[in-house]
Amino acid sequence: MKIDLSGKTALVTGASRGIGESIARALGAAGAHVFCAARSADRVREIAEEIGNATGVELDISSSDVREKVKALLEQKPIDILVNNAGITEDDLFIRMKPEAWTNVIRTNLDSAFHITQEVVKKMIRARWGRVVNISSVVGLMGNPGQANYAASKAALIGFTKSLALEIGSRNVTVNAVAPGFIQTAMTDALGEEARQKLEERIALKRLGTPEDIANAVVFLSSEQASYITGTVLNVSGGLYT
Ligand code: NAP
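The sections below set out a description of the structure shown in this document. These numbers were taken from a predicted model, which means no experiment stands behind them. (Residues numbered from 1 in each chain as written. Predicted model: local features only at pLDDT ≥ 70, side-chain atom pairs only at ≥ 80, totals over all residues. Heavy atoms only, no water.)

### A closer look at the pairing of strand 1 (residues 9-13)
Inference 1: Here strand 1 lies mainly inside the structure; five of its five residues are buried.
Inference 2: Burial along strand 1 is two-sided: the face carrying Thr9, Leu11 and Thr13 and the face carrying Ala10 and Val12 are both buried.
Inference 3: Inspection of the sheet shows strand 1 paired to strand 2 (residues 33-38) by five bridges, in the parallel sense. Its bridge partner being in strand 2, Val12 is matched across the sheet by Cys36.
Inference 4: Crossover handedness for the path strand 1 to helix 1 (residues 18-29) to strand 2: right-handed.
Inference 5: With three bridges connecting them, strand 1 and strand 4 (residues 81-84) associate as parallel partners. Across the sheet, Ala10 pairs through a bridge with Ile81, a residue of strand 4. (Buried < 20%, exposed > 50% of the residue type's maximum accessible area, 1.4 Å probe, protein only. Helix = DSSP H or I, 4+ residues; strand = E, 2+ residues; numbered from the N terminus. Pairing = 2+ DSSP bridges. Right-handed = clockwise from strand over helix to strand, strands pointing away.)

Encoded structure:
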């Protein structure tokens, strides 16, 4: 199965590192023009240059002018594929969690998806073609101690995904979520060998995921081949959660 996204334009938030960078590179390799967005403007410009058919965009998804910035992008090119990937954690035990930690995580992980998606899908609906992929987490399905704010934001993204899928399916716009498990990133690299082995024991496939494992799922959900899939949550966790 060859996935060809040539002629399509994608916006990937949080494309400056980790999973988002990998998604941007994979969509670019499949032929899409990619808007690589993040706060680290220099880094997304570098990545875009390496991809070739791409543009680096400075975008803070938690800022009050996020809609204006997205509107400006849409004036350059209509966006066919939206990947709401950027996300943060501010972990603490619930009893100690500061209101700011709750608000920051909900604003960045959830409110941003509302603002950005609302602007982008208007044009998808008019074009009668679109793909929205929201990056959730298995933590949104199973919970995790110390992550009440993060788990709430990721579970909410799933409800958002399913509701929007039902609203705009008739316009040939699909809306899906990907729920990664433990993915090899700078954060997991910093774990000691023992902690890493303990994590791997909990995973059926006995390894952490790679950013590419997630990017492959996103490219598939963005493709023509996934045109009959909407409102679903694709769990990419190596069997950490089934
Ligand atoms: P990461 O390495 O920490 O990267 C986060 C990305 O989001 C960066 O590109 C960062 O760019 C961007 N970002 C953060 N706040 C932003 C803001 N206000 N505006 C714009 N961009 C912002 O994270 P990751 O591990 O790749 O995770 C990516 C997504 O997958 C997240 O939604 C995360 O919750 C989800 N996820 C990750 C794992 C995992 O094991 N890693 C598991 C499940 C789900 P700048 O700092 O340059 O803005």
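### Remarks on the site of the ligand
Inference 1: Lining the immediate surroundings of the ligand are 27 residues, of which Ser16, Arg39, Ser40, Asn85 and Tyr150 lie closest.
Inference 2: One of the backbone nitrogen or oxygen atoms of Ile61 is found 2.9 Å away from a nitrogen atom of the ligand.
Inference 3: Protein contact buries 89% of the 870 Å² of open area that the ligand shows by itself.
Inference 4: Taken atom by atom, the bulk of the ligand overlaps the largest pocket.
Inference 5: At the level of secondary structure, the elements contributing two or more residues to the shell around the ligand comprise helix 1 and helix 6 (148-168). (Near = heavy atom within 4 Å. Polar contact = N/O pair within 3.5 Å; in protein donor to acceptor, adjacent residues only side chain to side chain. Areas by Shrake-Rupley, 256 points an atom, 1.4 Å probe, with all protein chains shown as cover. 1 Å grid on protein atoms, 1.4 Å probe; cavity = no way out; pocket = protein on both sides within 12 Å on 5 of 7 lines; lining within 4 Å. Sits in = over half its atoms within 2 Å of the grid points.)

### Comments concerning helix 1
Inference 1: Compared with an ideal rise of 1.5 Å per residue, which puts 12 residues at 16 Å, helix 1 spans 17 Å between its outermost C-alpha atoms and is within 8% of the ideal.
Inference 2: Summarising burial for helix 1: nine of the 12 residues are buried, a large majority.
Inference 3: Those residues of helix 1 that sit buried are Ile19, Gly20, Glu21, Ser22, Ile23, Ala24, Ala26, Leu27 and Gly28.
Inference 4: Immediately beyond the C-terminal end of helix 1, within one or two residues, lies Gly31, with a positive phi of roughly 110°. (Expected span 1.5 Å × (residues − 1).)

### Considerations on the environment of Gly238
Inference 1: Tracing the backbone shows Gly238 in the segment after strand 7 (233-236).
Inference 2: A relative accessible area of 25% means that Gly238 is categorised as partly exposed.
Inference 3: Taking the C-alpha atoms as reference points, Gly238 and Glu200, 38 residues apart in sequence, are found 9.8 Å from one another.
Inference 4: When sequence neighbours within four positions are dropped, the list of residues in contact with Gly238 reads Ile203, Ala204 and Leu205. (Contact = heavy atoms within 4.5 Å.)

### Topic: unusual backbone geometry
Inference 1: The phi torsion at Arg128 lies on the positive side, around 60°, for a residue other than glycine.
Inference 2: On the secondary structure map, Arg128 appears in the loop between helix 4 (99-127) and strand 5 (130-135).

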